[in-house]
Amino acid sequence: MNKRLCKSRDDRIVAGVCGGLAEFFGLDSTIIRVIWAVMIFMGGSGLLLYIICAVIIPNDTDGRSFYQNPSYRSDEDDANGWR
């Protein structure tokens, strides 16, 4: 299995870092976000780490996104003109 750490395009609130980490480790993104919030409020190191990760971790570009992958779309979406 070829897993790659990348920022999520589907599960993002700010930059997609937590969603990408959750997908990489197979966890719920809410758990990652709670851990990150605790790190931010317990000294501020979480904020610096989040900014570094947002800059360093690449975006998801392999087409797994709902809007990028045509296999997620239905014929109904095409009939309504949604691409």
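Higher on the page you've got the structure.
How each quantity is defined
Residues numbered from 1 in each chain as written. Predicted model: local features only at pLDDT ≥ 70, side-chain atom pairs only at ≥ 80, totals over all residues. Heavy atoms only, no water. Helix = DSSP H or I, 4+ residues; strand = E, 2+ residues; numbered from the N terminus. Contact = heavy atoms within 4.5 Å. Areas by Shrake-Rupley, 256 points an atom, 1.4 Å probe, with all protein chains shown as cover. Phe/Tyr/Trp six-rings, centres within 6.5 Å; stacked < 30°, edge-to-face > 60°. Buried < 20%, exposed > 50% of the residue type's maximum accessible area, 1.4 Å probe, protein only. Core = buried A, V, L, I, M, F, W, Y, C linked by side-chain atoms within 4.5 Å. Polar contact = N/O pair within 3.5 Å; in protein donor to acceptor, adjacent residues only side chain to side chain. Axes fitted to C-alpha atoms, helices over the stretch in contact; angles between N-to-C directions. Parallel < 35°, antiparallel > 145°, perpendicular 65-115°, else oblique. Nonpolar A, V, L, I, M, F, W, Y, C, P; charged D, E, K, R; others polar.

**Student:** Whenever I open this one, the overall build of the protein chain confuses me. Can you help?
**Tutor:** A tally of regular secondary structure across the protein chain gives four helices and zero strands. Along its sequence from the N terminus, the protein chain presents helices and strands in the succession α-α-α-α. Of the contacts made within the protein chain by residues no fewer than 6 positions apart, 42% connect residues no fewer than 24 positions apart. Accessible surface computed for the protein chain: about 6,100 Å², of which carbon and sulfur atoms make up 61%.

**Student:** Help me understand the packing of aromatic side chains, please; the structure alone is not making it clear to me.
**Tutor:** All chains considered together, the criterion is met by two aromatic pairs. Both rings, one in Phe24 and one in Phe25, keep their centres 5.1 Å apart while their planes meet at 85°; by these two values the pair is edge-to-face. Judged by centre distance (5.4 Å) and plane angle (90°), the rings of Trp36 and Tyr50 are edge-to-face. With Trp36 in helix H2 (residues 29-41) and Tyr50 in helix H3 (residues 45-56), the pair connects residues that are 14 residues apart, well separated along the chain. Residue Trp36 shares its accessibility class with Tyr50, and that shared class is buried.

**Student:** Would you explain the nonpolar core in this entry?
**Tutor:** Soluble globular proteins tend to bury their nonpolar side chains together. Grouped together as the largest cluster of nonpolar side chains are eleven residues: Ala15, Val17, Cys18, Leu21, Ala22, Ile32, Trp36, Tyr50, Cys53, Ala54 and Ile57. If you list the elements that add at least two residues to this core, you get helix H1 (17-25), H2 and H3.

**Student:** Even after reading the chapter, I still don't get the side chain of Ser8, so can you show me in this structure?
**Tutor:** Its place among the elements puts Ser8 in the segment before H1. Among the residues examined, Ser8 registers a relative accessible area of 5% and is labelled buried. Only 3.2 Å separates the side chain of Ser8 from the backbone nitrogen of Asp10, close enough to count as a polar contact. In this view, Ser8 contacts Gly16, Gly19 and Gly20; residues no more than four positions away in its chain are not counted.

**Student:** Please clarify how the packing of H2 against H3 should be interpreted in this entry.
**Tutor:** For any two helices packed against each other, the geometry is given by the interaxial angle and the distance between the axes. Close contact between H2 and H3 brings their axes to 5 Å; oriented N to C, the two are set at 125°. By the angle between their directions, the pair H2 and H3 is classed as oblique. Residues Trp36, Met39 and Ile40 of H2 pack against Ser45, Gly46, Leu47, Leu49, Tyr50 and Cys53 of H3. Split into classes, the residues belonging to the contact of H2 with H3 amount to seven nonpolar, two polar and no charged.

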